[in-house]
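# Fold and contact review
Chain by chain, the residues run as shown.
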Amino acid sequence: MKNLFWISLLLFNVQLGKSQDITIKDTETKEAIAFATISFGNGKGTFADDEGSFRFSKKLYQDVDSLFFSSIGYADLGVAVADLKPEVFLSQEADELDTVILTTELKGKFKNRKQKEIGHDNYFDCWLPTVESEIAIKFDRYDGEPTQITQLKLPIVLEDNQKSRKGKLRKFSTLFRVSFYDVNDDGNPERRSLYPSKTFIVDQTSEETYELDIEELKINIPKNGIFASIQVLGYTRPNGKLIKAKKYREIKTRSGVEKVSTTYRPLLPFTNEIEGKNTWVRRIFFNNKTWQLFDLSYNPNSKLVRSGNNDYGMGAEFKVYYRD
């Protein structure tokens, strides 16, 4: 009996040492939850792919003993590594079960309007995208009139130092997600809007402004505005599938091992040409995902903030339904 116990324990440890794909599913429907968030409880984490799957092994994440799963509309779930199974089920939050999305489709005559994006090619004044961070930009109604966002214009920077000897930019393929957030009474991002999110891929062939069509999402800006956020999910394979890889590196220093988040191309140019402040940021796996204005109170050591480049110049196109 003792021999059987030790054999079972050995097999269990061997299994944990191997990489295994875990799938996150809805408890009721048994359907996969695309791009769910997996936090490791140490300020780091990763995302599931579009099929709700991610790769985990104890060897890859040696200091991780618990995983915390979350997704919009679902109750958070913590699971000890020792209890981890090939499938993890999340339950829908009670206040989300009977939610009905009521949106009034804007009809009638409209005029196309634009908010110009602001970009540059100086990669020293850029935000370095990581999976642990999300940035949000506020949009108000154009001229105070009923407004639908039809396109987002996202400035990007493709670094010259990433060129090959032949002068061509090295290949990459990065998956991003755009989401929308309500505005609270203080003018800050609050909970995720009921509007759907959208994923898209940027690669080395993209223009300096990535134009993302979102007309099909029917994003009507409320009277107090709406936030559009951009978040990197990771690199993809040629077929567009998210690569299941560790999203941070561990570097040995004199004071111990430091975890350094992987940065992804392209870079996002920040600017000092916007009046006021319109950019909020948050850490996905840290500080309870709290949104903060991107200024010295967020990070007094940030070179971007200290240089005055504390806004992302996201632009947009609108349909504006004038009532006169």
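Keep in mind the model is a prediction, meaning the values are calculated, not measured.

### Some thoughts on the sheet that holds strand β7 (residues 87-90)
Judged by pairing direction, the sheet is mixed, and its three strands sit side by side in the order β4-β1-β7 without closing on themselves. Each edge of the sheet is formed by a strand with only one pairing partner; in this case those strands are β4 (53-56) and β7. Recorded for the sheet is a direction-independent mean angle of 30° between the axes of neighbouring strands. Note: strand β1 (residues 20-26) against β7, four bridges, orientation parallel. Each residue of the ladder has a partner; that of Ile-24, found in β7, is Val-88.

### Digging into the nonpolar core
Core analysis: the biggest nonpolar cluster contains 46 residues, and Phe-139, Ile-149 and Leu-152 have the highest contact counts within it. Top element by residues in this core is strand β17 (residues 226-235). It accounts for five residues.

### Quick notes on the sheet that holds strand β5 (residues 66-70)
Pairing between the strands of a sheet comes from backbone hydrogen bonds, and it takes one of two forms, parallel or antiparallel. Ordered by their spatial adjacency, four strands build an open sheet running β3-β2-β5-β6, and the pairing between neighbours is antiparallel. Both edges of this open sheet fall to β3 (45-47) and β6 (77-80), since each of them pairs with a single strand only. Strand after strand, the sheet turns through a mean of 20° between neighbouring axes, direction not considered. Two strands pair when backbone bridges link them, and strand β2 (residues 37-39) and β3 are joined in this way by three bridges, in the antiparallel orientation. Bridged to Ile-38 within β3 is Thr-46.

### Looking at the side chain of Asp-311
By secondary structure assignment, the location of Asp-311 is in strand β23 (residues 311-312). As a buried residue without a salt bridge, Asp-311 has its nearest oppositely charged side chain in Lys-277, at a separation of 6.0 Å. A polar atom in the side chain of Asp-311 sits 3.0 Å from the side chain of Thr-279. If sequence neighbours within four positions are ignored, Asp-311 has contacts with Pro-269, Phe-270, Thr-271, Ile-274, Gly-276, Lys-277, Asn-278 and Thr-279.

### A closer look at the packing of aromatic side chains
Using the criterion set out here, one finds 19 aromatic pairs in the structure. In textbook terms, an aromatic cluster arises when at least three aromatic residues are bridged by ring pairs, as seen for Trp-127, Phe-270, Phe-294, Tyr-298 and Tyr-312. Between the NZ or CZ atom of Lys-111 and the centre of the ring of Tyr-322, over which it lies, the distance is 5.9 Å.

### A short note on the environment of Lys-25
Relative to the helices and strands, Lys-25 is located in strand β1. Residues Lys-25 and Phe-89, spaced 64 residues apart in sequence, show a C-alpha to C-alpha distance of 4.8 Å. Each residue touching Lys-25, except ones within four places of it in the same chain, is listed here: Lys-30, Glu-31, Ala-32, Ile-33, Glu-87, Val-88, Phe-89 and Leu-90. Here the side chain of Lys-25 touches Glu-87 through a polar contact of 2.6 Å, side chain to side chain.

### Focus: the side chain of Ser-179
Within the element layout of this structure, Ser-179 appears in strand β12 (residues 173-183). Sequence-distant contacts of Ser-179, defined by excluding residues within four places in its chain, comprise Glu-134, Arg-192, Ser-197, Phe-227, Ala-228 and Ser-229.

Criteria and cut-off values
- Residues numbered from 1 in each chain as written.
- Predicted model: local features only at pLDDT ≥ 70, side-chain atom pairs only at ≥ 80, totals over all residues.
- Heavy atoms only, no water.
- Pairing = 2+ DSSP bridges.
- Helix = DSSP H or I, 4+ residues; strand = E, 2+ residues; numbered from the N terminus.
- Axes fitted to C-alpha atoms, helices over the stretch in contact; angles between N-to-C directions.
- Core = buried A, V, L, I, M, F, W, Y, C linked by side-chain atoms within 4.5 Å.
- Buried < 20%, exposed > 50% of the residue type's maximum accessible area, 1.4 Å probe, protein only.
- Lys, Arg positive; Asp, Glu negative; His and termini not counted.
- Salt bridge = Lys/Arg side-chain N within 4 Å of Asp/Glu carboxyl O.
- Polar contact = N/O pair within 3.5 Å; in protein donor to acceptor, adjacent residues only side chain to side chain.
- Contact = heavy atoms within 4.5 Å.
- Phe/Tyr/Trp six-rings, centres within 6.5 Å; stacked < 30°, edge-to-face > 60°.
- Lys NZ or Arg CZ within 6 Å of the ring centre and 35° of its normal.

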